[in-house]
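Fold and contact review
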Amino acid sequence: MVVLLSAILSGCGEGSYSHFYDGSRMKTFLATEAGEAYADPFASDLCVITGTEEWAGDSITAEAAAVFSISDQRVISQKNPFERMNPASITKIMTALIAIRDADLTEEITVGEETVITERGASLCKINPGDMLTMEDLLYGLMLPSGNDDAAAIAVHMTGSIEAFADRMNEEAWSLGATGTHFVNPHGLTDPDHYTTAYDLYLIFQEALRYPEFLKIIGTTSYTAVYTDGEGQPKSQEWTNSKWYLTGQASTPDGLTVLGGKTGTTAAAGSCLIMGSQDTQGNDYISVVLKADSRDRLYEDMTNLILKIVN
């Protein structure tokens, strides 16, 4: 199977940020079962919202939303794209991006007390202090069951503390032009100083899609992690992808294929989703919905949003 995403990384137009995105980092890639190959960078443009695009508010009840056509340099529709919002677990895209880019995915990691998270309702992949997993295992636990314990383990392993990793996240966000973003943790549990925008999430997600490993993980329906627990005993867990377009709980509009994405849900953030999709001509899109009032409404909003691609 060959997955060709040539245009999803090209961008759309020039921006007016005080700190511009480094377009030389944007590349096409061809991911095959045999391996990955990177092409030369070919564009430095970004999608720019001018306010003249279609207003999504007539069909989207969530507080913010946008859909970007990467292949032909269009912002198809938008609603409050620069409003600062709590992203909940969509935060984990930045955590995954940093880990995939900077860590050895085969390294075996012994996780510590940072994995003990007691906040009510926090999603966990149920790893415990002393467990030994590879970084690749941790990435699947991060993105499929959306483990907050997993995110903390990655952060502490890579930088020594949650705070130091948040600093790295903010540096990366700034380098991408995501100037409306500020992170204080690697998982998205609620904090008033932890926020982003629909537009900034597009920038971060687009950068993550440069990496074939990221695309593979977000498009995986299930993953079995086999590892060793703190007593040296073998252990395994199966983690499944809960994104409704991949599980069949939501219908993808005709003419589109959902490549994968990330949800996020807290009381403060509401229900959120960002994802990549592709039409039958191979054109690529990024769509984001923030603060829907329920999981059902989230997918209704996202379907209405991506219908604008094919209609």
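Conventions used here
- Residues numbered from 1 in each chain as written.
- Predicted model: local features only at pLDDT ≥ 70, side-chain atom pairs only at ≥ 80, totals over all residues.
- Heavy atoms only, no water.
- Helix = DSSP H or I, 4+ residues; strand = E, 2+ residues; numbered from the N terminus.
- Contact = heavy atoms within 4.5 Å.
- Salt bridge = Lys/Arg side-chain N within 4 Å of Asp/Glu carboxyl O.
- Buried < 20%, exposed > 50% of the residue type's maximum accessible area, 1.4 Å probe, protein only.
- Axes fitted to C-alpha atoms, helices over the stretch in contact; angles between N-to-C directions.
- Parallel < 35°, antiparallel > 145°, perpendicular 65-115°, else oblique.
- Nonpolar A, V, L, I, M, F, W, Y, C, P; charged D, E, K, R; others polar.

What follows is about the environment of alanine 66. Note that alanine 66 resides in strand 5 (residues 64-69). Sequence spacing of alanine 66 and isoleucine 49 is 17 residues, and the spatial spacing of their C-alpha atoms is 9.5 Å. Contact partners of alanine 66, with chain neighbours within four places excluded, come to Ser77, Gln78, Ile286, Ser287, Val288 and Leu305.

A word on the pattern of salt bridges. Pairing is possible between side chains of opposite charge, provided their charged atoms come close. Scanning the model with the defined rule gives 10 salt bridges in all. Between lysine 308 and glutamate 54 there is a salt bridge whose closest N-O contact spans 2.7 Å. Taken together, the residues lysine 308 in helix 8 (residues 295-310) and glutamate 54 in strand 4 (residues 54-55) connect sequence positions 254 residues apart. As a salt-bridge pair, arginine 168 and aspartate 102 come within 3.7 Å of each other at their nearest N and O atoms. Pair noted here: arginine 168 is in helix 4 (residues 162-175) and aspartate 102 is in helix 1 (residues 92-102), with a separation of 66 residues, a long-range link. Residue arginine 168 is classed as partly exposed on the basis of its relative accessible area, which comes to 28%. We classify aspartate 102 as partly exposed; its relative accessible area is 39%. Each member of the salt-bridge network shares a partner with another, and the members are Arg101, Asp102, Arg168 and Glu172.

This brings us to the packing of helix 1 against helix 4. Taken N-terminus to C-terminus, the directions of helix 1 and helix 4 make an angle of 90 degrees; their axes are 10 Å apart at the nearest point. With respect to helix 4, the element helix 1 is oriented roughly perpendicular. Residues Met94, Thr95, Leu97, Ile98, Arg101 and Asp102 of helix 1 touch helix 4, and the partners they reach there are Phe165, Arg168, Met169, Glu172 and Ala173. Of the residues contributing to the contact of helix 1 with helix 4, the split by class is 6 nonpolar, 1 polar and 4 charged.

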